[in-house]
Amino acid sequence: MQLFSNAGIAVMDAESGGYGLIGRGALVVEDGRIVWVGDAAGLPDGYRHLTQHDLEGRLITPGLIDCHTHIVFGGDRAREFEMRLEGAGYEEIARAGGGILSSVRATREATEDALLTQSLPRVDALLAEGVTTLEIKSGYGLDIETELKMLRVARRIGQIRKVSVRTTWLAAHALPPEYKDDRASYIRDVVIAGMDRAHAEGLIDAVDGFCEGIAFSRNEMAAIFDHAATLGLPVKLHAEQLSDLGGAAMAAQHGAISADHLEYLGPDGISAMAASGTVAVLLPGAFYTLRETKLPPMQALRDAQVPMALATDCNPGTSPLTSILLTMNMGATLFRMTPAECLTGVTRHAATALGLADRGQIRPGMRADLAIWNVTHPAELTYRIGFNPLHARIIGGELV
């Protein structure tokens, strides 16, 4: 049993509607769980004998959660980024070997060990900023064996680093060249058949897809989600990033835990998400990288009380972002979220977006996944740009 004292504590609970800040707080942890939290003056006598970790006025928050990443991939697309800034168009970049298919080629060619070696620095950058739970998607294999390889790497990351990893099956990310004239066969033979194999091997925690004109239709994704339901797998969806195809509403009707991107989300989608409790995962890194101008419908989401999470969307093409703190700042500066909304978006709402009810808040019974910061007020975590005030992480009650 451990006692952490002399700290500000942002409990991030739903009841407070904000930080729930305790100015002179104390926190007791036992067997990886929080057993007591509150004002130090109210510490029960039964805990006063414990050796204290004096945090010298630092701030404690829940450990941060990055609930949408594509962090396992081969190669990079820096040259494509450079070409785009030099004026090259989509077709020219594709002819030069760029685009998502370049990531597919590099990921298919890489061994499992090579993918792990390439991915760990990206993961470590997030952990250094207080991340304690990380979602990792497949989606750069577009064949069964490579998709499984990516997920095995994701599971290995959770074994060799102090972080909880949640894995997501995203074979419905794009159509590979070998299936360009046979969409139905790709969905049947790769997306669904591969889902069965990944589930049998215990490699996936959820199923995702990209519902867009350049990817998969609402009806195609509905069929994939129907199959996920037979396996008892929760679903989520890349939706309304480039146009409103009604993907978010369809996902909500399937009980999706999240719908992500959402720049073109309309009233029907908002209503459906509000009714189902589907979390809106906002991805300012992609908005920034693509130089988008259409904002997600922020006030409409607030008015409908749709929970809003934030994530890096770390990927090689549209969001090469490995900073959860910068993501929070982008949420504020680009999407006009408040600092409290930003921190809630990478704690409590991010946990909900992964279907995890045991983290993202500081209260008795929760996992003791915590971040300790060299700041006195939580707004500073969103306010700073390019500055990391992390003092330490606590994972399952263990000080890292």
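Everything numeric here is computed off the predicted structure, so don't read it as measured data. (Residues numbered from 1 in each chain as written. Predicted model: local features only at pLDDT ≥ 70, side-chain atom pairs only at ≥ 80, totals over all residues. Heavy atoms only, no water.)

### Structural notes on the confidence of the model for the protein
Detailed reading of the predicted model is not advised wherever pLDDT is low.
Part 1 of the argument: With 99% of its residues at a pLDDT of 70 or more, the protein has an overall mean of 96.
Part 2 of the argument: Strand β6 (residues 64-66) holds the highest mean pLDDT among the elements of the protein, 99, whereas helix α2 (residues 90-95) holds the lowest, 70. (pLDDT = per-residue confidence, 0-100. Helix = DSSP H or I, 4+ residues; strand = E, 2+ residues; numbered from the N terminus.)

### A look at the pairing of strand β3 (residues 33-39)
Regular strands place side chains that alternate from one sheet face to the opposite one.
Part 1 of the argument: Alignment of strand β2 (residues 21-30) against β3, held across six bridges, turns out to be antiparallel. Across the sheet, the residue bridging to E30 is R33, located in β3.
Part 2 of the argument: Between β2 and β3, which pair antiparallel one after the other, the connecting turn spans two residues, and D31 there sits at a positive phi close to 50°. (Pairing = 2+ DSSP bridges.)

### Quick word on the packing of helix α4 (residues 112-127) against helix α5 (residues 144-160)
Part 1 of the argument: Interhelical geometry of α4 versus α5 gives an angle of 55° and a closest axis separation of 10 Å. One finds that α4 runs oblique with respect to α5. In the crossing of α4 with α5, the sense of the turn from one axis to the other is right-handed. From α4, E112, D113, L115, L116, S119, L120 and V123 reach across to α5, where they touch K149, M150, R152, V153, R156, I157 and I160. (Axes fitted to C-alpha atoms, helices over the stretch in contact; angles between N-to-C directions. Parallel < 35°, antiparallel > 145°, perpendicular 65-115°, else oblique. Left-handed = near helix turned anticlockwise from the far one by under 90°. Contact = heavy atoms within 4.5 Å.)

### As for the nonpolar core
Part 1 of the argument: Among the nonpolar cores identified, the biggest contains 94 residues, and L64, I157, W169, M221, I224, M273 and W373 are the most heavily contacted of them.
Part 2 of the argument: Leaving out residues up to four positions away in the same chain, M273 has contacts with A248, A252, A259, L262, L265, T278, V279, A280 and V306.
Part 3 of the argument: Ranked by size, the runner-up nonpolar core spans 18 residues in total, among them F4, I9, I34 and A368. (Core = buried A, V, L, I, M, F, W, Y, C linked by side-chain atoms within 4.5 Å. Buried < 20%, exposed > 50% of the residue type's maximum accessible area, 1.4 Å probe, protein only.)

### A look at the pattern of salt bridges
Part 1 of the argument: In this structure the tally under the stated criterion is 27 salt bridges.
Part 2 of the argument: Of the charged contacts in the structure, one is a salt bridge between R48 and D45, with a shortest N-O distance of 3.3 Å.
Part 3 of the argument: The partly exposed category is assigned to R48, whose relative accessible area is 43%.
Part 4 of the argument: Residue K137 pairs with D208 through a salt bridge whose shortest N-O separation is 2.8 Å. One end of the pair, K137, is in strand β7 (residues 131-137); the other, D208, is in strand β9 (residues 206-211), with 71 residues separating them in the sequence. D208 carries the same exposure label as K137, and that label is buried.
Part 5 of the argument: Here the salt bridges do not stand alone but share partners, grouping E135, K137, D208 and K236 into one network. (Salt bridge = Lys/Arg side-chain N within 4 Å of Asp/Glu carboxyl O.)

### Examining the packing of aromatic side chains
Part 1 of the argument: Counting across every chain of the model gives four aromatic pairs.
Part 2 of the argument: Ring centres of F73 and Y140 lie 6.3 Å apart, and the angle between their planes is 70°; on these two criteria the pair is classed as edge-to-face. With F73 in the loop between β6 and α1 (78-85) and Y140 in the loop between β7 and α5, the pair connects residues that are 67 residues apart, well separated along the chain. Take F73 and Y140: they sit in the same class, and that class is buried.
Part 3 of the argument: Aromatic side chains Y186 and F216 sit 6.3 Å apart centroid to centroid with 20° between the ring planes, which places their arrangement in the stacked category. On the criterion of sequence distance, the pair formed by Y186 in helix α6 (residues 183-200) and F216 in the loop between β9 and α7 (218-230) is long-range, its members being 30 residues apart. Exposure class is identical for Y186 and F216. Each is buried.
Part 4 of the argument: An aromatic cluster of three or more residues is present, and its members are Y179, Y186 and F216.
Part 5 of the argument: Lying across the ring of F387, R384 places its NZ or CZ 4.0 Å from the centre. (Phe/Tyr/Trp six-rings, centres within 6.5 Å; stacked < 30°, edge-to-face > 60°. Lys NZ or Arg CZ within 6 Å of the ring centre and 35° of its normal.)

### Topic: the pairing of strand β12 (residues 279-282)
Part 1 of the argument: Taking every second residue as pointing to the same face, both faces of β12 are buried, with V279 and V281 on one and A280 and L282 on the other.
Part 2 of the argument: Note: strand β11 (residues 258-261) against β12, three bridges, orientation parallel. Looking at the pairing, D260 lines up with V281 of β12.
Part 3 of the argument: For the crossover that starts at β11, traverses helix α9 (residues 267-276) and ends in the parallel β12, the hand is right-handed. (Right-handed = clockwise from strand over helix to strand, strands pointing away.)

### Considering the UniProt feature "binding site: 4-imidazolone-5-propanoate" (unreviewed entry) in the protein
Part 1 of the argument: In this numbering, the UniProt entry assigns the feature "binding site: 4-imidazolone-5-propanoate" (unreviewed entry) to R77, Y140, H173, Q241 and T318.
Part 2 of the argument: Among the secondary structure elements, R77 is positioned in the loop between β6 and α1.
Part 3 of the argument: Given a relative accessible area of 12%, R77 falls into the buried group.
Part 4 of the argument: Ignoring sequence-local partners within four residues, the contact set of R77 consists of G99, I100, S102, S103, P316 and G317. (UniProt positions renumbered as here; feature names shortened; annotations may be inferred.)

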